[in-house]
Amino acid sequence: MKLPGVSEFSWRDVATEARLLLIGIPVFLWTMIPIYHMFLFAISPKEDAFSGKLWPDHPTLHNFEIVFKQQHYFLRDFYVQFWNSVVIAAAVGALTLVVATAAAFSISRLKVPGGRMVLNLALFTYFIPAAFLAVPMYRTMGNYGLLNNRWSLILAMVTIASPYAIWVLKQASDKLPVELDEAAVMDGATTLQIFRLVYLPLMMPSLVAIGTYAVLLAWNEYLYAFLLLSNDQDITLPVALGNFLAADDSPWELLMTTGFIYALPPAAVYYAFRRYMVGGLTAGAVKS
Amino acid sequence: MAITLSGDQAIAPPLSSRLSPAQVWGIVLLTPYFLVFLAFVVYPVCYGLWLARAPSNYVALYNDPIFARAAVNTLIFLVIGINIKMLIALFLSGFFAQQRTWIKWLSVIFILPWAVPSIPTILSVRFMLNPEWGIINHYIFAFTGDDGPNWLNDPTVALTMAIAVHIWKSLPFWTLILITGRLAISHDLFEAAEVDGASWWQKFRFITWPSMQTLYVTCTLLSMIWTLGDFNSVYLLTGGGPADLTHVLSTLGIRYLRLDQLSLAMASIVCAMPFVLPLVYFMMKRLSR
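Residues numbered from 1 in each chain as written. Chains lettered and ligands numbered in written order. Predicted model: local features only at pLDDT ≥ 70, side-chain atom pairs only at ≥ 80, totals over all residues. Heavy atoms only, no water.

So, the confidence of the model for chain B
All names here are of chain B.
Consideration 1: This prediction gives chain B a mean pLDDT of 88; 92% of its residues lie at or above 70.
Consideration 2: Between residues 1-13, whose pLDDT stays under 50, and residues either more than four places distant or in other chains, the model counts ten contacts.
Consideration 3: Quick note on the complex model: pTM equals 0.89, ipTM equals 0.88. (pLDDT = per-residue confidence, 0-100. Contact = heavy atoms within 4.5 Å.)

Structure representation (structure tokens):
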């Protein structure tokens, strides 16, 4: 053990550092190579992209120009599809927050009878593998007449995001002192006033974490989007990216550029809210 | 639930005027989620099971060689893929728990695969593995002078690559959970062990592992359920090919669905129930504790 205040050069520290680097460097490469490869394609002219160079001779933003100006058959509906992704992710975030906050408040603060059971039932959703639930869900959306309507995807994603959201919010709610509610009741506050004036402000950090989580979940979703939406004008960007592959000579550099543009918002949102996310989302996980 | 309400009123009249409105609100606020759950979980599951009820479906599955192959692939995916993934996550959770500035920065980058969407990144890997144009074979050729393998054309290699993609995507999440578990262990234990001159392995064996064992097992089980539902890793990398030899149950179910054979799709999923139900049972038991 190193004594405090003594900063002598020690071979042991160097060895430890070297061992850590021996893990760190492969971890870095493993994480970044697919992402860097996507970026490399996005900034490479077509001939460089296929040449295996690690940095293009003539890096260019031309691919981005093609995408933003929709100058390719596959990109005809780029803005519409991007907008679909935005609207759906925003709606899923908002609806999940409404549904889950109400449920968590009800279970944790109002101690509604059967609340605990509903929470356990909710978590059961995660014990059905996602692709398995997708099969009957597809047919169900058909029965409800929602296929090819963006509501089908929104409702499917709210269904998938809510249980975890309720779980995390309930854990956070339980930590708020019950005296706050009691004091508000003494002051003559109604249940809705407690919810709005006491509960929501205190829950804000958790709400940000859950809202971000739901938005990212919806933005990144491929399978449900691919099953539930099919018209070129209705699909989200990931489905459009998947459809690129149907062609024999897919324009890979444009596919990667569009993919890169599509991957930027979640990465940005994640980093902007990282402080909330990591604490908020893993808090419930380690309870046991 | 309404019965409980009136019951409360009967038993405790002075309290009822204060409690009842809250409980009414409780029920009102819980209703939206409850309806979502009924409409999009309970109904589809029951309806799906009903669709899969005819024994002829299972005979058809049994006679479809793709199904047998998919079932075997799923087992390989679960047994090999998950154990490798969880062991690496356990190992890396120790690495990321080290107090170093550069490790903090690396952990920020390490989360990216989980945060960014699957489709562009998995397609990026798919192109890297392209035998003619991919960067991997380009370097194999540059260093050895030989053509690299046709990665996605050999079912065994292609399935291995799909498992690798799955690990790439989900490793950060499980590492993060295990880091949280590791940081929850009291630091005094390690200091005491260090005073006693415990080795790295002894510290892991007698402090870290006993504290994390339950969490590790829970994570492995949950990861198994989620991996069964992972459609992207296989579908986006191999599309189930070559010759439908790399399907897993999740992509096979969707394949039947796309072929308009919904009862077969459901039946192939029902066949996974013997795997899923024990996991669910165990998870529910852990949860209700």
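A short note on the side chain of N232(B)
Consideration 1: Residue placement: N232(B) occurs in helix α12 (residues 232-237).
Consideration 2: For N232(B), a relative accessible area of 14% puts it in the buried group.
Consideration 3: In terms of polar contacts, N232(B) uses its side chain to reach the side chain of S118(B), at 3.2 Å.
Consideration 4: When near neighbours in sequence (up to four residues on either side) are disregarded, N232(B) contacts Y222(A), L223(A), S118(B), I122(B) and L237(B). (Helix = DSSP H or I, 4+ residues; strand = E, 2+ residues; numbered from the N terminus. Buried < 20%, exposed > 50% of the residue type's maximum accessible area, 1.4 Å probe, protein only. Polar contact = N/O pair within 3.5 Å; in protein donor to acceptor, adjacent residues only side chain to side chain.)

Observations concerning the interface of chain B and chain A
Consideration 1: Residue-level contacts link 93 residues of chain B with 94 residues of chain A.
Consideration 2: Both sides of the chain B and chain A interface together cover about 8500 Å² of buried area, and 80% of this is carbon and sulfur.
Consideration 3: Considering only the surface of chain B that becomes buried against chain A, Y33(B), F40(B) and F127(B) emerge as the three largest contributors, covering 9% of it.
Consideration 4: Scanning the region where chain B abuts chain A turns up one salt bridge.
Consideration 5: At the junction of chain B with chain A, the criterion picks out 14 residue pairs in polar contact (both at pLDDT 80 or more).
Consideration 6: Per-element accounting of the side of chain B that touches chain A gives the leading share, 23 residues, to helix α2 (residues 13-51) of chain B. (Buried area = accessible area lost by both parts, 1.4 Å probe. Salt bridge = Lys/Arg side-chain N within 4 Å of Asp/Glu carboxyl O.)

A word on the UniProt feature "domain: ABC transmembrane type-1" (unreviewed entry) in chain B
Consideration 1: Sequence positions flagged by UniProt for "domain: ABC transmembrane type-1" (unreviewed entry) are, in local numbering, residues 71-281 of chain B.
Consideration 2: Counting secondary structure, residues 71-281 of chain B comes out at 77% helix and 0% strand; the distance between its end C-alpha atoms is 21 Å. (UniProt positions renumbered as here; feature names shortened; annotations may be inferred.)

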